[in-house]
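# Remarks on the overall topology
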Amino acid sequence: LPAFELDVGRYARIHVNGIAGRTYRLESAQSAGQAFSGGQEITLSAEGVGSLVEPLAKPSELFRVKLLP
């Protein structure tokens, strides 16, 4: 099979389905074993959906969305 490459450029777009009215934060790390750093936060609408777009200072491989207290 031919190899392929996914290039998301310098931005990460993450769609969030969660608890309406709660705040979530997009975090990223350059590679496995490195600490995640925080980025943009979003409070979800009454429908419990939203979208985060994070401009990246450097290429990242791992992303997670964390529910904040």
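Below you will find a few notes about this structure. Computed from a predicted structure; not experimentally measured. (Residues numbered from 1 in each chain as written. Predicted model: local features only at pLDDT ≥ 70, side-chain atom pairs only at ≥ 80, totals over all residues. Heavy atoms only, no water.)

### So, the overall build of the protein chain
- A tally of helices and strands in the protein chain yields zero helices and five strands.
- Every one of the 69 residues in the protein chain was classed for burial, and the buried ones make up 23%.
- Here the analysis covers contacts within the protein chain between residues at least 6 apart in sequence; of these, 66% occur between residues at least 24 apart.
- Only carbon and sulfur atoms are counted for the fraction: they give 54% of the accessible area of the protein chain, which is about 5000 Å². (Helix = DSSP H or I, 4+ residues; strand = E, 2+ residues; numbered from the N terminus. Buried < 20%, exposed > 50% of the residue type's maximum accessible area, 1.4 Å probe, protein only. Contact = heavy atoms within 4.5 Å. Areas by Shrake-Rupley, 256 points an atom, 1.4 Å probe, with all protein chains shown as cover.)

### Focus: the sheet that holds strand S5 (residues 62-67)
- Sheet architecture is open: three strands sit in the order S3-S2-S5, paired in antiparallel fashion. With partners counted over all chains shown, the strands left at the sheet margins are strand S3 (37-43) and S5, one partner each. Taking the axes of each pair of neighbouring strands and ignoring which way they run, one obtains an average angle of 25° across the sheet.
- Pairing of strand S2 (residues 23-29) with S3 involves five bridges; the strand directions are antiparallel. Within S3, the residue paired with Thr23 across the bridge is Thr43. (Pairing = 2+ DSSP bridges. Axes fitted to C-alpha atoms, helices over the stretch in contact; angles between N-to-C directions.)

### With respect to the pattern of salt bridges
- What the rule picks out here adds up to three salt bridges.
- For the salt bridge of Glu27 with Arg25, the shortest nitrogen-to-oxygen distance reads 3.0 Å.
- With its nearest N and O atoms 2.6 Å apart, the salt bridge here joins Arg64 to Glu27. In this pair, Arg64 sits in strand S5 while Glu27 sits in strand S2, placing the two residues 37 residues apart along the sequence.
- When its relative accessible area of 5% is taken as the criterion, Glu27 is described as buried.
- Taken together, the shared-partner salt bridges in this structure form one network comprising Arg25, Glu27, Glu41 and Arg64. (Salt bridge = Lys/Arg side-chain N within 4 Å of Asp/Glu carboxyl O.)

### Quick look at the side chain of Glu27
- In terms of polar contacts, Glu27 uses its side chain to reach the side chain of Arg25, at 3.0 Å.
- One polar contact links Glu27 to Arg64, side chain to side chain, over a distance of 2.6 Å.
- Once residues lying within four places of it in the same chain are set aside, the contact partners of Glu27 are Phe36, Ser37, Gly38, Leu62, Phe63, Arg64 and Lys66. (Polar contact = N/O pair within 3.5 Å; in protein donor to acceptor, adjacent residues only side chain to side chain.)

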